[in-house]
Amino acid sequence: INSTGVRLWGAKTKEELLGWRSDQLIHPDDFANAMARLRRRLAGEMGLYPAEVRYLRRDGTIMPMEVSAGPITFGGKPAVQFIARDITESKLAQKRLTESERHLRLILESVPECIKLVGVDGTLLSMNSAGLAMIEADQLEQVVGLCVCDLVLPKYRPVFEALNAAVFRGESQTAEYEIVGLNGTHRWLETYAGPMRDG
């Protein structure tokens, strides 16, 4: 083990860690899978992708690691070399992102207005519950991929198409047009649309 590993496991010297058993280092829920991978590596199998394993520091705290392993010979005997990367920060970032997305989804589902994402060709990518109710759809899967212009009355389709084209030029626009829902109900919509930009 190198000095980085000594620090990650909360030891002062590598001698403190040498001789530790695998069941002392690996989280109990990950132990069986980790040992199965170890046996395959000892048999000569090369791992194609890193595995995510939860290790235990000396103080008992959990340390998520991304681990790559491969068979080697050490002192004339078969062994397995592990290269581990601490992914604690990325796991925390992933958790924060998931929580943020859940919060945003709650907001989108709570507002009474239709909120939708539309592709450059006018196809529906996503829509909240209020929007689904407006177009008389029971679930999102029923209408994903549908061209929104198919719901717009023919004489107002040029209005919708001009709106969509302007947005994909980077502009924000408003428009009014009449739609007909999946069950035949007519509604007038006042729409505000703006570009969703990447990073």
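Residues numbered from 1 in each chain as written. Predicted model: local features only at pLDDT ≥ 70, side-chain atom pairs only at ≥ 80, totals over all residues. Heavy atoms only, no water.

> Explanation requested: the overall build of the protein chain in the structure shown.
A tally of helices and strands in the protein chain yields six helices and seven strands. Helices (α) and strands (β) of the protein chain occur, in sequence order from the N terminus, as α-α-α-β-β-β-α-β-β-α-α-β-β. Radius of gyration (C-alpha) of the protein chain: 28 Å, far over the 16 Å computed for a compact globule of 199 residues. Overall, the C-alpha framework of the protein chain stretches about 80 × 35 × 30 Å when taken along its three principal axes. Across the 199 residues that make up the protein chain, the buried fraction comes to 31%. Taking as baseline every contact in the protein chain between residues at least 6 positions apart, the subset at least 24 positions apart corresponds to 39%. (Helix = DSSP H or I, 4+ residues; strand = E, 2+ residues; numbered from the N terminus. Rg over C-alpha atoms; globule rule 2.2 N^0.38 Å. Buried < 20%, exposed > 50% of the residue type's maximum accessible area, 1.4 Å probe, protein only. Contact = heavy atoms within 4.5 Å.)

> Help me understand helix H6 (residues 157–167) in this model?
One turn of an α-helix holds 3.6 residues; hence residues three or four places apart share an orientation. Burial in H6 covers these residues: Phe-160, Leu-163, Asn-164, Ala-166 and Val-167. Down the axis of H6, the sector holding all buried residues measures 160 degrees, keeping them to one side. Where the residues of H6 are buried, they touch strand S4 (116–118), strand S6 (173–180) and strand S7 (186–193). (Arc of directions from axis to C-beta.)

> Teacher, can you tell me more about unusual backbone geometry here?
With the exception of glycine, the majority of residues adopt a negative phi angle, and the majority of peptide bonds are in the trans configuration. Notably, Glu-136 is not glycine yet its phi reads approximately 65 degrees, a positive angle. Mapped onto the elements of the fold, Glu-136 is located in the loop between helix H5 (129–134) and H6. When its relative accessible area of 15% is taken as the criterion, Glu-136 is described as buried.

> Mind showing me how you'd approach the pattern of salt bridges here?
Two side chains of opposite charge can pair, provided their charged atoms sit close to one another. Within this structure, the stated rule accounts for six salt bridges. Residue Glu-52 is joined to Lys-91 by a salt bridge in which the shortest nitrogen-to-oxygen separation is 2.8 Å. Linking Glu-52 in strand S1 (residues 51–56) with Lys-91 in helix H4 (residues 88–110), this pair joins segments that are 39 residues apart in sequence. Of the charged contacts, one joins Glu-109 and Arg-105 as a salt bridge, the two residues approaching to 3.0 Å between their closest N and O atoms. Taken together, the residues Glu-109 and Arg-105, both in helix H4 and four residues apart, mark about one turn of the helix. (Salt bridge = Lys/Arg side-chain N within 4 Å of Asp/Glu carboxyl O.)

> Is there a simple way to explain the packing of aromatic side chains in this structure?
Geometry of an aromatic ring pair is reported as the spacing of the ring centres plus the angle between the planes. Per the counting criterion, the structure on display carries three aromatic pairs. Relative to Trp-188, the ring of Tyr-156 lies with its centre 5.0 Å away and its plane at 70 degrees, an arrangement referred to as edge-to-face. Within this pair, whereas Tyr-156 is found in the loop between H5 and H6, its partner Trp-188 is found in strand S7, the two being separated by 32 residues in sequence. Judged by relative accessible area, Tyr-156 falls into the buried class, the value being 16%. Centre to centre, the rings of Phe-160 and Tyr-177 are 5.8 Å apart; their planes meet at 80 degrees, and the pair counts as edge-to-face. With a gap of 17 residues between them, Phe-160 in helix H6 and Tyr-177 in strand S6 connect regions that are remote in the sequence. Assigned by exposure class, Phe-160 and Tyr-177 land together as buried. (Phe/Tyr/Trp six-rings, centres within 6.5 Å; stacked < 30°, edge-to-face > 60°.)

> What is the right way to read the nonpolar core from this model?
Considering soluble globular proteins, one finds that nonpolar side chains tend to be buried as a cluster. Grouped together as the largest cluster of nonpolar side chains are 22 residues, with contacts concentrated most on Ile-135, Val-143, Val-152, Phe-160, Tyr-177 and Ile-179. Residue assignment for this core shows that the elements contributing at least two residues are strand S5 (124–127), H6, S6 and S7. In contact with Tyr-177, not counting residues within four places along its chain, are Lys-116, Val-152, Tyr-156, Val-159, Phe-160, Leu-163, Arg-187, Trp-188, Leu-189 and Thr-191. Counting 18 residues, the second-largest nonpolar core is a separate cluster that includes Trp-9, Ala-51, Tyr-55 and Met-63. (Core = buried A, V, L, I, M, F, W, Y, C linked by side-chain atoms within 4.5 Å.)

> Sorry, what's going on with the pairing of strand S3 (residues 77–86) here?
Regular strands place their side chains on alternate faces of the sheet. In this structure, strand S2 (residues 62–74) lies alongside S3, joined through ten bridges in antiparallel fashion. Paired with Gly-70 across the strands is Gln-81, a residue of S3. Hairpin connection of S2 to S3: two residues between the antiparallel strands, including Gly-75 at a positive phi of 65 degrees. (Pairing = 2+ DSSP bridges.)

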